[in-house]
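Given next are the chains, with one letter for each unit.
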Amino acid sequence: GSDGGRQLKIYPVSVLETCQSLVHQEGLPKLPVPPLKQTCEGYLAALEPIVSAEELDHTRQLVGEFLNGGVGERLQKGLERRARKTENWLSEWWMQSAYLDCRMPVAVYTSPGVVLPRMHFQDRQGQMRFAAKLIAGVLDFKKKIDSETLPVEYLSGKPLCMDQYYQILSSCRIPGPKRDTVVNYAIGKISSTHITVVHNFQFFVLDVYNSDGTPLTVDQLHMQLEKIWNSSLQTNKEPIGILTSQHRNTWGKAYNNLIKDKTNKESVRAIQKSIFTVCLDAPMPRVSDEKYQSRVAAQMLHGGGARWNSGNRWFDKTLQFIVGEDGTCGLVYEHAPAEGPPIVFLIDYVRIEMVRSPMVPLAMPQKLRFNITPEVKRDIEKAKQNMNIMVHDLDVKVLMFSHFGKNVPKKHQLSPDAFVQMALQLAYYRMYDTCCSTYESASLRMFKYGRTDVIRVTTVDSLNFVQAMQDPAKQVGERVLLLQKATQTHKNNTYNAIHGQAVDRHLLGLKMLSIEDLTSMPEIFMDTSFAVAQHYNLSTSQVGSKTDCVMCFGPMVPDGYGVCYNPMEEHINVAITAFNSCEETNAARFAQAVEGALLDMRALLEDAAATAQQ
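Since this is a predicted model, take the numbers as computed values, not measurements.

### So, the domain arrangement of the protein chain
Here is step 1: When the domains of the protein chain are assigned, the result is domain 1 (13–93 + 402–613) and domain 2 (100–391).
Here is step 2: Between domain 1 and domain 2, the C-alpha centre-to-centre distance is 31 Å.
Here is step 3: Contact with domain 1, which involves 33 residues of that partner, is made by 43 residues of domain 2.
Here is step 4: Buried area between domain 1 and domain 2, both sides added, is near 3100 Å², and the carbon and sulfur share of it is 59%.
Here is step 5: On inspection of domain 1 and its partner domain 2, the count reaches two salt bridges.
Here is step 6: Measuring nitrogen to oxygen at the nearest pair gives 2.6 Å for the salt bridge that ties Arg451 to Glu339.
Here is step 7: Listed by contribution, the elements that provide at least two residues to the side of domain 1 that touches domain 2 are helix H1 (20–23), strand E16 (550–552) and strand E18 (572–579).
Here is step 8: Considered class by class, the residues forming the side of domain 1 that touches domain 2 number 15 nonpolar, 12 polar and six charged.

The following block contains the structure:
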């Protein structure tokens with residue numbers, strides 16, 4: 001239970017290990033390696049609705065050879081050996097291949113943003129007050145992590161791995177010439193006691209603990225933020241932070257160039273070591289209420305461009321809270337160390353409460369100095385140009401779907417997640433007259449150090465359902481049966497994925513192993529079907545939260561959509577992104593199609609229910 005934390009003070013230190021959040025950690029099961037035959041069958045099933053019959057036949061042959069010709073068996077044995085020898089056979093490979101080896105900018109391409117409900121302040125006073133409360137709330141959360149008293153999360157009665165909570169604070173990504181690394185300063189003897197605050201592109205170190213180790217109160221934090229604000233009024237500063245938004249190789253070179261200078265190196269180190277970053281943003285151009293959510297989602301993803309707030313970031317920092325002078329707030333996080341749910345859990349936790357307290361004079365927060373050499377200046381100019389291109393290319397539409405929420409699918413005994421996913425399939429099919437490879441992330445946190453696997457949403461059953469919806473000859477009863485079947489299949493696939501029995505990470509493991517063994521790459525990975533399967537035109541994620549927020553992320557492929565949704569009881573928040581450089585995609589049109597699909601699916605269920613009652 002979660003009340004154990006209260007009497008914590010009386011325990012001797014040695015007993016701290018047995019506190020809640022890590023008490024289950026040791027007992028968590030290891031991520032299994034699924035049976036090879038099962039994965040091969042699952043792979044072929046996933047291909048059936050997305051590749052042509054000829055391609056499928058060809059792939060069936062290759063899969064047969066892989067399965068029976070000894071190559072698959074050998075790799076499978078190697079993977080099983082790795083699973084015995086490591087805590088998690090996948091997590092290291094996954095972090096490398098999905099994030100650290102990836103050379104695209106982290107802004108837009110991998111870092112998700114979260115839009116929090118609009119706050120009612122419109123001036124710097126409100127901004128400072130809110131930021132102070134936010135910082136205090138996160139520090140309170142940190143205390144729970146540090147004392148290991150965070151209540152363990154459960155999924156259908158099983159404890160989940162809490163390790164990601166220990167990765168999101170005091171950590172930072174560091175660019176390298178070919179591959180990045182993540183450093184975590186929370187682990188070790190001397191943990192960080194400061195956060196970074198950035199305002200008008202100027203970075204400050206703000207110590208958030210008193211000399212006796214107690215966190216600063218909201219009032220003290222407010223006072224310190226005032227000092228920071230007042231000493232960063234000049235707006236003509238070089239936006240050094242914009243360098244972090246570049247392509248990783250470009251940033252890697254600029255980084256090495258930047259830290260040649262001793263002052264710069266110390267300043268960069270201070271940012272990397274900080275517990276988290278708070279970005280005090282300048283107000284953005286006003287838009288209508290209808291466009292407001294979409295604009296803020298874009299601001300969370302990239303800052304709005306070089307002349308707005310894109311330089312007011314350090315994109316490599318794992319956690320950055322964004323508080324705008326105009327009441328906009330949210331966060332952006334670097335994806336390598338953690339998934340969305342722990343981040344959202346933190347947001348739900350930081351319920352803001354005020355405490356008044358006596359005032360102790362505090363030292364002025366230290367402003368970080370940067371020496372801008374002509375070379376660094378050139379790098380900044382290049383980064384500004386590239387950021388502005390990226391800003392113009394990202395198409396963002398937030399759909400606040402208000403007609404119904406989880407209540408409708410639940411009333412009809414359907415899984416809300418499967419229901420929303422079928423609506424996305426229907427919307428896509430209506431727009432493009434075909435279905436596509438669709439990624440939905442599934443949490444593997446039932447296993448030690450588990451991250452994610454893929455629920456492949458497009459199935460033969462989902463295809464049958466969307467085709468029936470478009471076929472005027474099909475009766476209501478038949479459509480409903482197909483919807484029920486498709487959602488049930490989705491539910492089964494979800495169950496398999498969270499229990500470590502999905503297809504994609506297993507295939508990745510076999511592929512990584514064949515690369516490590518330096519044997520020739522198995523044919524199945526060189527096949528066009530494999531490329532089609534990995535080209536996710538729809539990249540989706542359900543990130544549920546108690547707070548009425550919406551998370552957003554960029555598309556996985558140049559001609560795709562990124563779709564993140566938070567189904568609440570009576571409404572659904574959906575953020576959709578696409579690239580303007582792609583002629584075929586359009587976030588607003590897709591949002592409209594999703595809205596239409598959800599409404600038509602409700603109508604279908606209600607027609608069927610009405611007919612049944614007659």
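Moving on from the model shown.
### Points about empty space enclosed by the protein
Here is step 1: The full count for this structure, using the stated rule, is two cavities of 30 Å³ or more.
Here is step 2: Taken as a whole, the largest cavity holds about 50 Å³ of empty space.
Here is step 3: As for the largest cavity, its lining consists of Leu31, Pro32, Pro34, Trp89, Leu90, Leu444, Asp453, Gly500, Ala502, Arg505 and His506.
Here is step 4: For the lining of the largest cavity, the residue count by class is seven nonpolar, two polar and two charged.

### Description of a positive patch on the surface
Here is step 1: Side chains of Lys178, Lys253, Arg378 and Lys382 sit close together on the surface and give a patch of like positive charge.
Here is step 2: Inspection of the secondary structure puts Lys253 in helix H8 (residues 248–258).
Here is step 3: Residue classification places Lys253 among the exposed residues on the basis of a relative accessible area of 63%.

### Focus: helix H6 (residues 124–146)
Here is step 1: Here H6 spans 32 Å end to end across 23 residues, near enough to the 33 Å set by a 1.5 Å rise per residue.
Here is step 2: One or two residues past the end of H6 sits Glu148, with phi positive at roughly 55 degrees.

### Side note on the nonpolar core
Here is step 1: Grouped together as the largest cluster of nonpolar side chains are 52 residues, with contacts concentrated most on Ile135, Ile195, Leu225, Phe276 and Leu319.
Here is step 2: Only H6, strand E6 (194–199), strand E7 (202–207), helix H7 (218–230), strand E8 (277–281), strand E9 (319–324), strand E10 (329–333) and helix H11 (340–349) provide two or more residues apiece to this core.
Here is step 3: Broken down by element, this core gets its largest block of residues, 10 residues, from H6.
Here is step 4: When sequence neighbours within four positions are dropped, the list of residues in contact with Phe276 reads Ile135, Val138, Leu139, Leu169, Ile195, Thr196, Lys317, Leu319 and Phe321.

### As for the packing of aromatic side chains
Here is step 1: Counted under the stated rule, the structure contains 21 aromatic pairs.
Here is step 2: Ring geometry for Phe203 and Trp314: centres 5.8 Å apart, planes at 90 degrees, overall edge-to-face. You can see Phe203 sitting in strand E7 and its partner Trp314 sitting in the loop between helix H10 (289–302) and E9, a full 111 residues away along the chain. Accessibility classification places Phe203 together with Trp314 in one group, the buried group.
Here is step 3: Through successive ring pairs, a cluster of aromatic residues spans Phe203, Trp251, Tyr255, Trp314 and Phe370.
Here is step 4: Here Arg82 stacks its cationic end above the ring of Trp93, 3.6 Å away from the centre of that ring.

### Thoughts on the sheet that holds strand E13 (residues 438–443)
Here is step 1: The strand order across the open sheet formed by six strands is E12-E18-E17-E15-E13-E14, and the pairing between neighbours is mixed. Edge positions in the open sheet fall to strand E12 (394–401) and strand E14 (452–456), since each of these has one partner strand only. The mean angle between the axes of side-by-side strands here comes to 25 degrees, regardless of whether they run parallel or antiparallel.
Here is step 2: In this sheet, strand E15 (residues 538–542) lies alongside E13 in parallel orientation, the contact comprising three bridges. Its bridge partner lying in E15, Thr438 is registered against Leu538.
Here is step 3: Docked against the sheet, H10 engages E12 and E18, running at close to 130 degrees with respect to E12.

### Describing the packing of helix H2 (residues 36–47) against helix H3 (residues 53–68)
Here is step 1: The geometry of H2 relative to H3 is characterised by a closest axis approach of 11 Å and an angle of 175 degrees between their N-to-C directions. Considering their axes alone, H2 and H3 lie roughly antiparallel with respect to each other. For the pair H2 and H3, the contacting residues are Leu36, Lys37, Cys40, Tyr43, Leu44 and Leu47 in the first and Leu56, Thr59, Arg60, Val63, Phe66 and Leu67 in the second.
Here is step 2: Among the residues forming the contact of H2 with H3, the class breakdown is nine nonpolar, one polar and two charged.

### Observations regarding the pattern of salt bridges
Here is step 1: Per the counting criterion, the structure on display carries 29 salt bridges.
Here is step 2: Here Glu381 and Lys384 are joined by a salt bridge, their closest N and O atoms 3.4 Å apart. Linking Glu381 with Lys384, this pair stays in helix H12 (residues 374–393), spanning three residues, or about one helical turn.
Here is step 3: Given the relative accessible area of 30%, Glu381 is considered partly exposed.
Here is step 4: Taken together, the shared-partner salt bridges in this structure form one network comprising Arg103, Arg173, Asp180, Arg248, Asp316 and Glu334.

### Quick notes on unusual backbone geometry
Here is step 1: In this structure, Val108 takes a positive phi of about 70 degrees despite not being glycine.
Here is step 2: The residue Val108 is located in the loop between helix H5 (91–100) and strand E1 (113–115) in this model.
Here is step 3: Backbone geometry places Asp433, a non-glycine residue, at a positive phi of 60 degrees.
Here is step 4: Here Asp433 shows up in the loop between helix H14 (416–432) and E13.
Here is step 5: With a relative accessible area of 61%, Asp433 lands in the exposed category.

### Digging into H2
At 3.6 residues per turn, the α-helix brings residues three or four places apart onto the same side.
Here is step 1: Taking 1.5 Å per residue, 12 residues should reach 16 Å; H2 reaches 17 Å between its end C-alpha atoms and fits that length.
Here is step 2: Contacts from the buried residues of H2 go to H3, helix H4 (71–85), E14, helix H17 (504–516) and helix H18 (528–534).

### Examining the environment of Gly327
Here is step 1: Turning to its location among the elements, Gly327 is positioned in the loop between E9 and E10.
Here is step 2: Given a relative accessible area of 0%, Gly327 falls into the buried group.
Here is step 3: Along the sequence, Gly327 and Met119 sit 208 residues apart, while their C-alpha atoms lie 4.7 Å from each other.
Here is step 4: Filtering out sequence-adjacent residues up to four positions away, Gly327 remains in contact with Arg118, Met119, Phe121 and Tyr292.

Procedures and definitions
Residues numbered from 1 in each chain as written. Predicted model: local features only at pLDDT ≥ 70, side-chain atom pairs only at ≥ 80, totals over all residues. Heavy atoms only, no water. Domains from an automatic or database assignment. Contact = heavy atoms within 4.5 Å. Buried area = accessible area lost by both parts, 1.4 Å probe. Salt bridge = Lys/Arg side-chain N within 4 Å of Asp/Glu carboxyl O. Helix = DSSP H or I, 4+ residues; strand = E, 2+ residues; numbered from the N terminus. Nonpolar A, V, L, I, M, F, W, Y, C, P; charged D, E, K, R; others polar. 1 Å grid on protein atoms, 1.4 Å probe; cavity = no way out; pocket = protein on both sides within 12 Å on 5 of 7 lines; lining within 4 Å. Points joined across faces, edges and corners; volume = space filled by probe spheres on them. Patch = residues over 30% accessible without salt bridge, like charges linked within 9 Å, V, L, I, M, F, W, Y side chains within 5 Å. Areas by Shrake-Rupley, 256 points an atom, 1.4 Å probe, with all protein chains shown as cover. Lys, Arg positive; Asp, Glu negative; His and termini not counted. Charge placed at Lys NZ, Arg CZ, Asp CG, Glu CD. Buried < 20%, exposed > 50% of the residue type's maximum accessible area, 1.4 Å probe, protein only. Expected span 1.5 Å × (residues − 1). Core = buried A, V, L, I, M, F, W, Y, C linked by side-chain atoms within 4.5 Å. Phe/Tyr/Trp six-rings, centres within 6.5 Å; stacked < 30°, edge-to-face > 60°. Lys NZ or Arg CZ within 6 Å of the ring centre and 35° of its normal. Pairing = 2+ DSSP bridges. Axes fitted to C-alpha atoms, helices over the stretch in contact; angles between N-to-C directions. Parallel < 35°, antiparallel > 145°, perpendicular 65-115°, else oblique.

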